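# Summary of structural features
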Amino acid sequence: MPAGGISVGGSGKEYPGNLTPFVTVTCVVAAMGGLIFGYDIGISGGVTSMDPFLIKFFPSVYRKKKGVESTNKYCQYDSPTLTMFTSSLYLAALLSSLVASTVTRKFGRKLSMLFGGVLFLVGALINGFAQNIGMLIIGRILLGLGIGFANQSVPLYLSEMAPYRYRGALNIGFQMSITFGILIANILNYFFAKLKGNLGWRLSLGGAMVPALVITIGSLVLPDTPNSMIERGNHDEAKAQLQKVRGVDDVEEEFNDLVAASEASKLVEHPWRNLLQRKYRPHLSMAILIPFFQQFTGINVIMFYAPVLFNSIGFKDDASLMSAVITGVVNVVATSVSVYGVDKWGRRALFLEGGTQMLICQAVIATAIGAKFGIDGNPGELPKWYAVVVVIFICTYVAGFAWSWGPLGWLVPSEIFPMEIRSAAQSITVSVNMLFTFLVAQIFLIMLCHMKFGLFIFFGFFVFVMTVFIFFFLPETKGIPIEEMGKVWKEHPYWSRFVEHEDYGNGVEMGNGARTTKDL
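Reference entry: report on the structure contained in this document. (Residues numbered from 1 in each chain as written. Predicted model: local features only at pLDDT ≥ 70, side-chain atom pairs only at ≥ 80, totals over all residues. Heavy atoms only, no water.)

### Remarks on the overall build of the chain
Looking only at helices and strands, one finds 24 helices and 0 strands in the chain. When burial is assessed residue by residue, the chain has 62% of its 520 residues classed as buried. In the chain, once contacts between residues fewer than 6 apart in sequence are set aside, the share between residues at least 24 apart is 80%. On the chain, roughly 18300 Å² of surface is accessible, and the fraction owed to carbon and sulfur atoms is 67%. (Helix = DSSP H or I, 4+ residues; strand = E, 2+ residues; numbered from the N terminus. Buried < 20%, exposed > 50% of the residue type's maximum accessible area, 1.4 Å probe, protein only. Contact = heavy atoms within 4.5 Å. Areas by Shrake-Rupley, 256 points an atom, 1.4 Å probe, with all protein chains shown as cover.)

Right, dumping it as structure tokens:
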């Protein structure tokens, strides 16, 4: 691809660079950090629908599933212990993401990725050999600690390494890896469930070692980002790395802007406290609200518990696992649509279309389940056409998420933060994401039992609110260099009141070639 740049707004900034094979391979390998997150999301629901797993660890759930203690399909998986098994991971990820902020800033993105891989590997081993609930929970906590480090560092790594014209597509590689991880887990669950005894669930849980090894080995061979090198004072290495990454020798302007941003960031002694400054109000709002809304789309209800959900609405074990595989395939294909279109159509267009699509699907699913299951959760014999309708609309809902809130929920926060608050703000994003993932996982089965089909109406309400939020409050960030992102807030009709003229970029004034640190 020819070297060159595109003019950004009225800033006049053009950074030359190519989409080189080096940066492509680098970003693909780094994006595989999403495999561990996706594999875990996909594996949990399938394992908790396997009878040998339930008999060994959750016998009361097994009895309800078989109708011994209850015939209410809505409530057959309602167990605080089972819920804690799933959700403990996300609480651990929340805590580790806060520690990962310091590691990522002071020691580089690579080390955080390495920690993530090693912790996840140990957790997978413990879960694969688990003999009791205690081992299961300890393993899940270690998996969560690993995910916290990986989710904090990988999106930052991708946003910093990618040329700005291709930042969206390359960053979405992280979400693509998550969807591949979910799909692989669903397929493995389908086949492992057919194995006799305890071998099936052990292979499913222990199989997490494979994606853990991928990110562990990848973190050892990947180069660090120029931004991270500059942050740690390695300017000569950073410039050489930037030339290699961009595929051109003329990187002077971008390099100088990175150095200026780094110098400004060093004046910030307390990045966490700095986030509370008025000029960072837009960034902090997005760091909190985007991951909050991402979880309240209800997607993890589908992806965590797809086999459980399908089983709860009357599908047999094999059918529920196969339905989860189908949604996994849809997830991967739809995410590839986002990879293709995010830098062509823009972030806002995908957000708005995806939100509308999910809202319509949730209304239809709520109606379909309510009509057949009513309030008592006992549907009797379900016709095949009903199952087909539910699966079609769930798949359409998954597709809407997969090309909008799935990838963009990670992309947009990772690209909007200036360097001086980047690690801290990304930790806020991951922490909020994990906190509400934990809460949704913790209360979903209880909500399903008590709210019944109204659960989909509950999440549909949040989809409506967040779509309105995007329409009014999210500026378009397509095609804007990460060091020039401050201009989108200054030009926004609402956020401009919080951002002064000198707050462009990373707290660095960019005017007539002069750069001065202000308001830090």
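### A look at helix H2 (residues 34-47)
Turn by turn, an α-helix covers 3.6 residues, leaving residues three or four places apart pointing in a common direction. Counted at 1.5 Å a residue, the expected span for H2 with its 14 residues is 20 Å, and the 20 Å between its end C-alpha atoms agrees. Buried residues dominate H2, accounting for 14 of its 14 residues. (Expected span 1.5 Å × (residues − 1).)

### Digging into the packing of H2 against helix H9 (residues 199-206)
In the contact formed by H2 and H9, the axes pass within 10 Å of each other and the chain directions differ by 165°. It follows from the interaxial angle that H2 and H9 lie roughly antiparallel. The element H2 and its partner H9 pack so that their crossing is left-handed. Taking contact as the criterion, the partners of Tyr39, Ile43 and Val47 in H2 are, on H9, Trp201, Leu203, Ser204 and Leu205. Here the contact of H2 with H9 is composed, by residue class, of 6 nonpolar, 1 polar and no charged. (Axes fitted to C-alpha atoms, helices over the stretch in contact; angles between N-to-C directions. Parallel < 35°, antiparallel > 145°, perpendicular 65-115°, else oblique. Left-handed = near helix turned anticlockwise from the far one by under 90°. Nonpolar A, V, L, I, M, F, W, Y, C, P; charged D, E, K, R; others polar.)

### Quick word on the packing of helix H15 (residues 281-295) against helix H22 (residues 454-473)
Where H15 meets H22, the closest approach of the two axes is 9 Å, and the angle between their N-to-C directions is 145°. In terms of crossing hand, the pair formed by H15 and H22 is left-handed. Along its contact with H15, which presents Met286, Leu289, Phe292, Phe293 and Gln295, the element H22 presents Phe459, Phe462, Val465, Met466, Phe469 and Phe473. Of the residues contributing to the contact of H15 with H22, the split by class is 10 nonpolar, 1 polar and no charged.

### Some details on a nonpolar patch on the surface
Residues Leu359, Phe461, Phe464, Val465, Val468, Phe471 and Phe472 make up a contiguous nonpolar surface patch of about 640 Å² in total accessible area. Tallying contributions element by element places H22 first for the nonpolar patch, with 6 residues. Inspection of the secondary structure assignment puts Phe461 in helix H22. (Patch = residues over 30% accessible without salt bridge, like charges linked within 9 Å, V, L, I, M, F, W, Y side chains within 5 Å. Salt bridge = Lys/Arg side-chain N within 4 Å of Asp/Glu carboxyl O.)

### Observations regarding the pattern of salt bridges
Counted under the stated rule, the structure contains 11 salt bridges. The salt bridge partner of Glu231 is Arg109, with a shortest N-O separation of 3.1 Å. Residue Glu231 is found in helix H11 (residues 226-231), and its partner Arg109 is found in helix H6 (residues 109-128); the two are separated by 122 residues along the sequence. We note that Glu231, like Arg109, is buried. The residue Lys239 makes a salt bridge to Glu252 at a minimum N-O spacing of 2.7 Å. Residue Lys239 is found in helix H12 (residues 235-246), and its partner Glu252 is found in helix H13 (residues 252-266); the two are separated by 13 residues along the sequence. You can call Lys239 partly exposed: its relative accessible area is 25%. Using a relative accessible area of 37% as the deciding quantity, one classes Glu252 as partly exposed. One salt-bridge network, held together by shared partners, links Arg109, Glu160, Glu231 and Arg422.

### So, the packing of aromatic side chains
Applying the stated criterion across every chain yields a total of 35 aromatic pairs. Taking 5.2 Å as the distance between ring centres and 80° as the angle between the ring planes, the aromatic pair formed by Phe57 and Trp201 counts as edge-to-face. You can see Phe57 sitting in helix H3 (residues 51-57) and its partner Trp201 sitting in helix H9, a full 144 residues away along the chain. Residue class for Trp201 comes out buried when judged on its relative accessible area of 1%. In this arrangement the basic side chain of Arg348 is found over the ring face of Phe471, its NZ or CZ atom lying 5.9 Å from the centre. (Phe/Tyr/Trp six-rings, centres within 6.5 Å; stacked < 30°, edge-to-face > 60°. Lys NZ or Arg CZ within 6 Å of the ring centre and 35° of its normal.)

### Some remarks on the side chain of Asn127
Take Asn127: it is sitting in helix H6. Exposure remark for Asn127: the relative accessible area of 1% places this residue in the buried category. Excluding residues that lie within four positions of it along the chain, Asn127 makes contacts with Met135, Leu136, Gly139, Arg140, Leu143, Trp201 and Leu205.

### Overview of H12
If you check H12, its first and last C-alpha atoms are 16 Å apart, about what 12 residues at 1.5 Å a residue would give, namely 16 Å. Those residues of H12 that sit buried are Ala238, Gln241, Leu242, Val245 and Arg246. Down the axis of H12, the sector holding all buried residues measures 120°, keeping them to one side. Turned more than 90 degrees from where H12 packs its buried face, Asp236 and Glu237 sit exposed. (Arc of directions from axis to C-beta.)

### Here we look at the nonpolar core
If you look at the biggest cluster of nonpolar residues, it comprises 62 residues, and the most contacted ones within it are Met286, Trp405 and Leu408. Filtering out sequence-adjacent residues up to four positions away, Met286 remains in contact with Pro291, Ile416, Phe469, Phe473, Leu474, Trp489 and Trp495. In terms of nonpolar packing, the next biggest core, distinct from the first, is built from 54 residues, Val23, Leu89, Ile178 and Val245 among them. (Core = buried A, V, L, I, M, F, W, Y, C linked by side-chain atoms within 4.5 Å.)

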